[in-house]
Amino acid sequence: MAIAVLMRRVSPEDVARGLEHLESGFGATMDDDVFAAEAAAGLLCSLGRDWAFVDLALTGDRHTSGTLADLVVLGGDPLGQAGPADRDMIILLDVEKTAVAAAYLGDIDPDALLEQRRPQLSERAGGVLSDEFLAGVRQHLENLRAFYTAAAKAGQAVAKRTYL
């Protein structure tokens, strides 16, 4: 299971250049200055170690739920293994599905969603779910909305990188 998820907005041309090209873009973000610049520009969205809580907030399930919510965090087509030990994955959400995910995120109410999913989130957290932690998950949902909206408006896909 992934311990962190990082997403990048990518052009169809970047996608056409393949897995190694996409991985080099993720590799560049290992530099703190590159990471900060891409995040500030809205090209990068990091869920870090909170990805499972964000996914659970969206889907209500620890497994594939069969809904549009599945597209947001780990949805897409696995392109292949990545990283120095080939343990990580790069997943691609194509341009069309990126637009669908953006529309889905535009229609959700983060506060209502978090209240609805509170029991599942609390269980995942071992029964302890602070307001501060929920505020962080809410911020991730807002960041995802802005990220996907910008990608869809630019006609971009979303490449996702898991880190084990």
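Up top is the structure these notes are about.
Residues numbered from 1 in each chain as written. Predicted model: local features only at pLDDT ≥ 70, side-chain atom pairs only at ≥ 80, totals over all residues. Heavy atoms only, no water.

Asker: Quick rundown of the nonpolar core? Include the residues and the values.
Answerer: By size, the foremost hydrophobic cluster in this structure holds 33 residues, and its most contacted members are Met7, Leu58, Val72, Leu144 and Tyr148. Looking at this core, the elements with two or more residues in it are β1 (4-10), β2 (44-48), α4 (51-59), α5 (70-73), α6 (95-107), α7 (110-124) and α8 (131-153). Contacts of Val72, omitting those with residues within four sequence positions, involve Met7, Leu58, Ala101, Tyr104, Leu105, Leu144, Tyr148 and Lys160. Among the nonpolar cores identified, the runner-up in size contains twelve residues, and Ala4, Leu22, Ala157 and Tyr163 belong to it. (Core = buried A, V, L, I, M, F, W, Y, C linked by side-chain atoms within 4.5 Å. Buried < 20%, exposed > 50% of the residue type's maximum accessible area, 1.4 Å probe, protein only. Helix = DSSP H or I, 4+ residues; strand = E, 2+ residues; numbered from the N terminus. Contact = heavy atoms within 4.5 Å.)

Asker: Which residues make up the pairing of strand β3 (residues 77-82), and what values go with them?
Answerer: In the sheet, β3 pairs with strand β4 (residues 88-93) via five bridges, with the strands oriented antiparallel. Its bridge partner being in β4, Gln81 is matched across the sheet by Met89. (Pairing = 2+ DSSP bridges.)

Asker: Just give me the short version of the environment of Ser11, but keep the residues and values in it.
Answerer: Relative to the assigned elements, Ser11 resides in the loop between β1 and α1 (12-17). Judged by relative accessible area, which is 18%, Ser11 ranks as buried. With 147 residues separating them along the chain, Ser11 and Val158 place their C-alpha atoms 8.5 Å apart.

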